[in-house]
Amino acid sequence: MANRKKSKRWIWIAAAVVLAVVAASIFGKRGRGGTVVMAAVAGSGGLEERASGSGWLEGMSRVELSAEQAGIIDSIYISEGDTVSAGQILLTLDQSGARAAMNDAGARAGAARIARDQADRLYERMLALGEAGLASPEEVQQALDARQTAQAVLLQAYAAEASAMEALRKTSYSSPIAGVVTALNVDEGEMAIVGTMNTPGTVLLKIEDMSSFLVRVTLVESEVVGVRSGMPAEVTLDALQDTVFEGTVRSVGLAAENEAAVMTGEVAEYEVTIELTDTDPRLRSGMSASVDIITNSVSDCISVPVQCVVPRHDPADGTREIDAVLRIEGGRIEIVPVETGISGAMNIEVRGISEGDSVVSGPVEALRNLEAGEQVRTERFGGFGDRPRRR
């Protein structure tokens, strides 16, 4: 079995030290009837391997509208909490200056267009006169130059008109998506400020599509390697702990979220996005959530508490270790090699023993030192694992 799984198993074994200390007077000594041990019963049922993380709830899509140009906010047509449709006008800045500039630019473009048309006609006339010998080549060239200059002036006027129209467009803000106004940060009469910092007036309002929700969580590198898009997930919200929401992994990050920390030796963390498949009117953006991603599962298997599986020397090759359980048969220890499968929260899948077999689950000293054939007696049944759940 991989070293990661063995390390995980020894963590559970180490947890048994607490009970071992408490029960040292009983479990740590041998006597008539054999060594006292704790035992667990191998059970059958379903088992799930999970990767867990926490994050916050947010709408399927979210946009922040920021000021594209400075101006006084003239009219606001929505309130926080309103449902809006894509393309709906939300607010406008004072448009008087922008409209005046656009009208001026339009007039200049019209005048330039007239001048260009006059220059075109003059050139055509001079060209005809030149061909008839009634105008010199210099006069024809002057008419051509005048025509080209008028065309350049017209193009500049068109550009100024387009710029004025764009400035007027930036005074009106419409919703790019259908959703709910989750934040309205300005009032009529305030100055909209251009900038990238989250200062008052920069971000005018926020809109979220809350027809469905996402949860973004970060998982450490050892867990994220087993996560794939499409895997099922269970989401629990701190505010609604009595309800488990179903979800699906939507995306798995490829780059570490904490790159700077990774350079100093920290464990890499990756963002995973889960889309909720359930809806509920009580859901709100920003609610804190806990997520369990089901990375693997079996519908029916034999499993034992994680700490019951221990490394032992391979009888066929003393230079390597194998996974084994200490089965109790007729009051004596039998070391049984097992193959392990997926690990749940408390139990691990094993192949090599049968349902109902009694195996040693503690104390740690017994798991490490008991040998085949030694006599034991069980003080209690149980362990740190729960019995497998049938689905």
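Before reading further, recall that the structure is shown in the block above.
Residues numbered from 1 in each chain as written. Predicted model: local features only at pLDDT ≥ 70, side-chain atom pairs only at ≥ 80, totals over all residues. Heavy atoms only, no water.

**With respect to a nonpolar patch on the surface**
A cluster of nonpolar side chains, I72, M191 and I193, forms an exposed patch at the surface whose accessible area comes to about 240 Å². By secondary structure assignment, the location of M191 is in strand β8 (residues 191–192). On the accessibility criterion, M191 (43% relative accessible area) is partly exposed. (Patch = residues over 30% accessible without salt bridge, like charges linked within 9 Å, V, L, I, M, F, W, Y side chains within 5 Å. Areas by Shrake-Rupley, 256 points an atom, 1.4 Å probe, with all protein chains shown as cover. Salt bridge = Lys/Arg side-chain N within 4 Å of Asp/Glu carboxyl O. Helix = DSSP H or I, 4+ residues; strand = E, 2+ residues; numbered from the N terminus. Buried < 20%, exposed > 50% of the residue type's maximum accessible area, 1.4 Å probe, protein only.)

**A look at the side chain of E208**
As for its position among the elements, E208 is in strand β9 (residues 203–220). The side chain of E208 is buried and forms no salt bridge, while R62, the nearest opposite charge, is found at 4.0 Å. (Lys, Arg positive; Asp, Glu negative; His and termini not counted.)

**Notes on the sheet that holds strand β3 (residues 71–76)**
Strand order in the open sheet formed by 4 strands is β6-β5-β3-β8, and the pairing between neighbours is antiparallel. Bordering the open sheet on either side are β6 (172–174) and β8, each of which pairs with just one other strand. Bridge analysis of β3 against β8 gives 2 bridges, and the strand direction is antiparallel. In the strand pairing of β8, G71 is matched with A192. (Pairing = 2+ DSSP bridges.)

**Here's the deal with the nonpolar core**
Most often, soluble globular proteins have nonpolar side chains that are buried together. Ranked by internal contacts, the top residues of the largest apolar core, which has 26 residues, are V235, L237, V272, I274 and I293. Elements that contribute at least two residues to this core include exactly β2 (43–66), β9, β10 (232–237), β11 (240–252), β12 (269–276) and β13 (288–305). Among all residues touching I293, those that are not within four sequence positions of it are E49, R50, A51, L219, V227, M231, P232, A233, V249, V272 and I274. The next biggest cluster of nonpolar side chains, apart from the first, holds 18 residues, and it includes L65, V84, I177 and A192. (Core = buried A, V, L, I, M, F, W, Y, C linked by side-chain atoms within 4.5 Å. Contact = heavy atoms within 4.5 Å.)

**Notes on the pairing of β12**
Pairing of β9 with β12 involves 7 bridges; the strand directions are antiparallel. Across the sheet, the residue bridging to L219 is Y270, located in β12. Sheet topology places β11 next to β12; 5 bridges connect them, and they run antiparallel. Its bridge partner lying in β12, S251 is registered against T273.

**What about a negative patch on the surface?**
Residues D74, D94, D187, E188 and E190 make up a contiguous surface patch of negative charge. Looking at the element boundaries, E188 is found in the loop between β7 (179–184) and β8. (Charge placed at Lys NZ, Arg CZ, Asp CG, Glu CD.)

**With respect to the pattern of salt bridges**
Side chains that differ in sign of charge can pair as their charged atoms come close. Within this structure, the stated rule accounts for 19 salt bridges. For E166, the salt bridge identified is with R169, shortest N-O distance 2.5 Å. Taken together, the residues E166 and R169, both in helix α5 (residues 137–169) and 3 residues apart, mark about one turn of the helix. Linked through salt bridges whose partners overlap, the residues forming this network are E48, R50, E234 and D292.

**A look at the pairing of strand β16 (residues 332–337)**
Note that strand β15 (residues 317–329) and β16 share 6 bridges and pair antiparallel. The residue bridging V325 from the neighbouring strand is V336, located in β16. Between β15 and the antiparallel strand that follows it, β16, lie 2 residues; G330 among them carries a positive phi value of about 65°.

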